[in-house]
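Below, each chain spelled out in residue letters.
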Amino acid sequence: KMNVNEIISYLQSSQYKKEIDELAVRYNGVQLMELALNKNLANTWTKLKRISQKSLRVVIATYLLRVDVWNIKTIVRAKYTKMPSDQLQPMLLPSGFLNEKKLAELAKKESIDDILKSVGFIDYGHFAKALESFRETKSLAEIENALDRFYYSAIKEFAKRIPNEGRLFREFLEAEAELSAIMGVLRLKRANTAAKDIERYVTVPATARAMVKKMVAAATAGEAAKLLEQSKFRAFVENGVKDFLA
């Protein structure tokens, strides 16, 4: 029943006080609240890495690759739309390999090509075909797809190395990869993307290939969504599918 300002005041009396106080000088309303929550999350990740044992830091850093990839996508999109770097900076979340200093460095690069060259933890050659496509089509889709492929390839390799006692975490990572692929297919189907292009744009883990293949072949986004009601996700998606079809 609170309005936005009341929610912010409430959050300011909790663990989010530091971030809200820092950001309130430049932002207000929903933007202030969203940025403060994000910054608090990034600070929490940094603390977790600092206080964890070495073996756990590796797990956290691998999990946070998702945020690194999200940051790179955000910077690339900002460069594509010519967003000023000072507006971009608060949208970024210092996390795994990309700390605040590195993100600021990437945000100031002159071109998308320069950004990808300077990432550091991803081989620039990984983007060769994507950049060639971008120069021809001016679409970021292939670059974002290349980033997704890197992330899920890294997660897959890491999951293989997790010992038996880490089975639940491995299953969590695999399930997340499956869900990401399914959501990607649904978005592209809704945008009336051709099946051959969906197969190019979506990185599909082996455990979800059969399901995704059926969804890609479905005539409409609605039919693709309905397939989820016959899958292992059926207990969770009933209401969501109805909303998607509405």
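Residues numbered from 1 in each chain as written. Predicted model: local features only at pLDDT ≥ 70, side-chain atom pairs only at ≥ 80, totals over all residues. Heavy atoms only, no water.

> Describe the nonpolar core, with residues and values.
Counting residues in hydrophobic clusters, the biggest one holds 34 residues, and the most contacted among them are Ile72, Ile112, Leu116, Phe121, Ile122 and Ile143. Among the elements of the structure, helix H5 (65-80), helix H7 (100-107), helix H8 (112-117), helix H9 (128-137), helix H10 (141-161) and helix H11 (167-190) are those that each provide at least two residues to this core. For this core, the element with the most residues is H10, which contributes eight residues. Apart from residues lying up to four places away in sequence, Ile122 is in contact with Ile72, Phe127, Leu147 and Phe150. (Core = buried A, V, L, I, M, F, W, Y, C linked by side-chain atoms within 4.5 Å. Buried < 20%, exposed > 50% of the residue type's maximum accessible area, 1.4 Å probe, protein only. Helix = DSSP H or I, 4+ residues; strand = E, 2+ residues; numbered from the N terminus. Contact = heavy atoms within 4.5 Å.)

> With reference to specific residues and values, describe the pattern of salt bridges.
Here the structure, examined in full by the defined rule, presents 11 salt bridges. Residues Asp21 and Lys17 are paired through a salt bridge, measuring 3.0 Å at the closest nitrogen-oxygen approach. With Asp21 and Lys17 both in helix H2 (residues 17-23) and four residues apart, the pair spans about one turn of that helix. Judged by its relative accessible area of 42%, Lys17 is partly exposed. Between Arg135 and Asp113 there is a salt bridge; the shortest N-O distance is 3.0 Å. Of this pair, Arg135 sits in helix H9 while Asp113 sits in helix H8, and the two are 22 residues apart along the sequence. Assessed through its relative accessible area of 17%, Asp113 is described here as buried. Taken together, the shared-partner salt bridges in this structure form one network comprising Lys18, Glu22 and Lys39. (Salt bridge = Lys/Arg side-chain N within 4 Å of Asp/Glu carboxyl O.)

> Let's hear about the packing of H9 against H10: which residues, and what values?
It is the contact of H9 with H10, at a shortest axis distance of 7 Å, that shows an interaxial angle of 165 degrees. Here H10 runs roughly antiparallel to H9, going by the angle between their axes. You can see that H9 and H10 cross each other, and the crossing is left-handed. Between H9 and H10, the contacting residues are Ala130, Leu131, Ser133 and Phe134 on the first element and Glu142, Ile143 and Ala146 on the second. Its residues assigned to classes, the contact of H9 with H10 shows five nonpolar, one polar and one charged. (Axes fitted to C-alpha atoms, helices over the stretch in contact; angles between N-to-C directions. Parallel < 35°, antiparallel > 145°, perpendicular 65-115°, else oblique. Left-handed = near helix turned anticlockwise from the far one by under 90°. Nonpolar A, V, L, I, M, F, W, Y, C, P; charged D, E, K, R; others polar.)

> So what's going on with the packing of aromatic side chains? Which residues, and what values?
All told, the structure shown has five aromatic pairs when counted by the stated rule. Judged by centre distance (4.9 Å) and plane angle (20 degrees), the rings of Phe97 and Phe121 are stacked. In this pair, Phe97 sits in the loop between helix H6 (85-88) and H7 while Phe121 sits in the loop between H8 and H9, placing the two residues 24 residues apart along the sequence. Ring plane angle 70 degrees and centroid distance 4.7 Å describe the contact between Tyr151 and Tyr152, whose orientation is recorded as edge-to-face. Each of the two residues, Tyr151 as well as Tyr152, counts as buried. One aromatic cluster is present, formed by Phe97, Phe121 and Phe150 through successive ring pairs. (Phe/Tyr/Trp six-rings, centres within 6.5 Å; stacked < 30°, edge-to-face > 60°.)

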